[in-house]
Amino acid sequence: MGMSILELYMANSIDNTASKIREKLNTVRNKRKSSAKRCIWEMMQNAKDVYNPKYGGVSIEFDIVDEHTFIFRHNGLHFTLENVTSLIQQKSSKSSTNEDENVTGMFGTGFISTHLIAEVIDVKGILIDGNDKYRHFNLKLDRSGSSKEELIPKIKDAMTEFAKLDDDPNGILFPFVTDFENHTENDY
């Protein structure tokens, strides 16, 4: 028996995601010099877009640990489920009408430029789950490879790992964050 409609839909969705990521990666790779300069600004812009109104803005930190490790941190708001799945799918989670004057970007093309620094990026942060609980997460975005076929299993792996949140009511894989509402401006 063949695949179900839902299975076909999911396969097509991942295929489309891989095609889109490959196209965007090719665009930034073909404009490597200008894109490489842009990636730091893109990360700063993404942080600014989730500024914390409690502090009236957002603070950021850059840390070069060694020749293979670069850390970018900010003290903006938490991630949403949509934000994280949008990172996996390289889709903008911002409004296409960009009605919020505090939000700068809107097309989801900026973050892909960070893959010029590293093809594999670990995104760590705090998200709010579907039950309004704050949790830690760690997401590996692997964009190595040049073909859609090379990207598909990496996208599936990232989404499969993230989807384990749905089956983690006790906070084993995605630990709960206690007292997140009271974090300070110095908490990144």
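One can find the structure itself at the top, above this paragraph.
Quick notes on the rules
Residues numbered from 1 in each chain as written. Predicted model: local features only at pLDDT ≥ 70, side-chain atom pairs only at ≥ 80, totals over all residues. Heavy atoms only, no water. Salt bridge = Lys/Arg side-chain N within 4 Å of Asp/Glu carboxyl O. Helix = DSSP H or I, 4+ residues; strand = E, 2+ residues; numbered from the N terminus. Buried < 20%, exposed > 50% of the residue type's maximum accessible area, 1.4 Å probe, protein only. Pairing = 2+ DSSP bridges. Phe/Tyr/Trp six-rings, centres within 6.5 Å; stacked < 30°, edge-to-face > 60°.

Below, the discussion takes up the pattern of salt bridges. The full count for this structure, using the stated rule, is 10 salt bridges. Note that Arg 29 is salt-bridged to Glu 119, the shortest N-O span being 3.3 Å. Here Glu 119 lies in the loop between helix H3 (81-89) and strand E4 (120-128) and Arg 29 lies in helix H1 (residues 5-30), a separation of 90 residues in the sequence. As a salt-bridge pair, Arg 135 and Asp 129 come within 2.8 Å of each other at their nearest N and O atoms. Considered together, Arg 135 and Asp 129 belong to a single accessibility category, that of buried residues. Among the charged side chains, a network of salt bridges with common partners joins Glu 61, Asp 63 and Arg 73.

This part covers the sheet that holds E4. Strand order across the open sheet formed by three strands is E3-E4-E5, with mixed pairing between neighbours. Strand pairing shows two members of the sheet lacking a second neighbour, strand E3 (79-80) and strand E5 (134-142), which therefore form its edges. Pairing of E4 with E5, which is carried by nine bridges, proceeds in the antiparallel orientation. The residue bridging Asp 122 from the neighbouring strand is Lys 140, located in E5.

Summed over all chains, the structure comprises five aromatic pairs. Each ring, one from Phe 79 and one from Phe 137, has its centre 5.0 Å from the other, and the planes form 85 degrees; the classification is edge-to-face. Of this pair, Phe 79 sits in strand E3 while Phe 137 sits in strand E5, and the two are 58 residues apart along the sequence. Classification of Phe 137 as buried rests on a relative accessible area of 5%.

Examined bridge by bridge, strand E1 (residues 60-66) and strand E2 (residues 69-74) share six bridges and lie antiparallel to one another. Paired with Asp 63 across the two strands is Ile 71, which belongs to E2. In sequence, E1 turns back onto E2 through a hairpin of two residues.

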